[in-house]
Amino acid sequence: MREGAWTEFNRALQRDPQYAYALHWYGDYLSVRGRHDEALLEARQALKLDPLNLMINTWAALRYYLAHNYDAATEQGRNAVELDPNFAAAHLLLGEAYVQTGRHNEALAELQTAARLSGDSPLYLAQVAVTSAAGGRRPEALRIVAQLQNISGERYVSPYGLAQVYAALSDKEQTFKWLQTAYDDRAVWMSYLAVDPVFDHFRSDQRFQDLLRRIGLLP
């Protein structure tokens, strides 16, 4: 996520400005840096070039979600689901948008569908737990946490997802415990830490700011 990535994206786009996937991933780079207006421009251009691409449609919803534009994220998430109702990631993004607008029952339905379609991937199960926690279903969220910890010896379970669950449960100490583990583990989703809405209530904590600096998301 440093200057080398920016240079490579620009090199690819100079060679082919109509390469939808380059625009798509450049938008991702801009999103995690908090440059949301620019990220959305890239996402819209990628969609214009490849309007039926499931990945590009779904990640366009992610661009809106990370920019905290949840109405647009919901609309784009629905578009992606309509393109392919069996695409787990589309249900995931739609469900996450519902969480942030307080539509917990709809969120839970979408995220349970996403988990089922993914074959109960730990990544998706963690989001079911986040939704349960946000909707006041604490025992269910903790049950899923226990399930994830039980299967962690057989399948990779991202500590970032566990940190998200505890953030939704407003358990600050467990949140930072698992964020530190995710940092030590070099969990890929840590690159989204600066813009992930799940952690909005933790941003003023010095430990959070320190993590962002160590990751390279703050000066």
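Residues numbered from 1 in each chain as written. Predicted model: local features only at pLDDT ≥ 70, side-chain atom pairs only at ≥ 80, totals over all residues. Heavy atoms only, no water.

Participant: Honestly, the packing of aromatic side chains in this entry has me stumped. Any pointers?
Facilitator: Ring pairs (aromatic) are described by centroid distance and by the angle formed between their planes. In total, this model carries six aromatic pairs according to the counting rule given. When the ring of Tyr26 is compared with that of Tyr29, the centres are 6.1 Å apart and the planes differ by 10°; the resulting orientation is stacked. Taken together, the positions of Tyr26 and Tyr29, both in helix H2 (residues 20-32) and three residues apart, correspond to about one turn of that helix. Judged on exposure class, the residue Tyr26 and its partner Tyr29 are both buried. Centre to centre, the rings of Phe176 and Phe202 are 6.0 Å apart; their planes meet at 75°, and the pair counts as edge-to-face. Of this pair, Phe176 sits in helix H11 (residues 172-184) while Phe202 is found in the loop between H11 and helix H12 (206-215), placing the two residues 26 residues apart along the sequence. (Phe/Tyr/Trp six-rings, centres within 6.5 Å; stacked < 30°, edge-to-face > 60°. Helix = DSSP H or I, 4+ residues; strand = E, 2+ residues; numbered from the N terminus. Buried < 20%, exposed > 50% of the residue type's maximum accessible area, 1.4 Å probe, protein only.)

Participant: Teacher, can you tell me more about the packing of helix H3 (residues 36-49) against helix H4 (residues 54-66) here?
Facilitator: Any two packed helices are characterised by the angle at which their axes cross and by the distance between the axes. Contact geometry of H3 with H4 gives a least axis separation of 10 Å together with a crossing angle of 160°. The angle between the axes of H3 and H4 places the two elements in the roughly antiparallel class. As for how H3 packs across H4, the hand of that crossing is left-handed. Judged by residue contacts, His36, Ala39, Leu40, Ala43, Arg44, Ala46 and Leu47 of H3 engage Ile56, Asn57, Ala60, Arg63, Tyr64 and Leu66 from H4. When the residues that make up the contact of H3 with H4 are grouped by side-chain class, the tally is nine nonpolar, two polar and two charged. (Axes fitted to C-alpha atoms, helices over the stretch in contact; angles between N-to-C directions. Parallel < 35°, antiparallel > 145°, perpendicular 65-115°, else oblique. Left-handed = near helix turned anticlockwise from the far one by under 90°. Contact = heavy atoms within 4.5 Å. Nonpolar A, V, L, I, M, F, W, Y, C, P; charged D, E, K, R; others polar.)

Participant: What exactly am I supposed to notice about the nonpolar core here?
Facilitator: The nonpolar side chains of soluble globular proteins are, as a tendency, buried together. Tyr160, Leu179, Met190, Leu193, Phe199 and Phe208 are the most contacted members of the largest nonpolar core, which totals 62 residues. Broken down by element, the residue count for this core peaks at nine residues, all from helix H6 (residues 88-100). Sequence-distant contacts of Met190, defined by excluding residues within four places in its chain, comprise Tyr160, Leu179, Ala182, Tyr183, Leu211, Ile215 and Leu217. Core analysis: the second largest hydrophobic core is formed by seven residues, Leu23, Ala43, Ile56 and Ala60 among them. (Core = buried A, V, L, I, M, F, W, Y, C linked by side-chain atoms within 4.5 Å.)

Participant: What should I look at first to understand the pattern of salt bridges in this one?
Facilitator: When the charged atoms of two side chains lie near each other, side chains of opposite charge can form a pair. This model, assessed by the stated rule, comprises nine salt bridges. One salt bridge in this structure joins Asp200 and Arg203, with 3.0 Å as the shortest N-O distance. (Salt bridge = Lys/Arg side-chain N within 4 Å of Asp/Glu carboxyl O.)

Participant: What is the right way to look at the side chain of Asp196 in this model?
Facilitator: Within the fold, Asp196 resides in the loop between H11 and H12. As a buried residue without a salt bridge, Asp196 has its nearest oppositely charged side chain in Arg203, at a separation of 5.8 Å. A polar contact is formed between the side chain of Asp196 and the backbone nitrogen of Val198, at a distance of 3.0 Å. Excluding residues that lie within four positions of it along the chain, Asp196 makes contacts with Tyr65, Leu66, Tyr160, Gln164 and Arg203. (Lys, Arg positive; Asp, Glu negative; His and termini not counted. Polar contact = N/O pair within 3.5 Å; in protein donor to acceptor, adjacent residues only side chain to side chain.)

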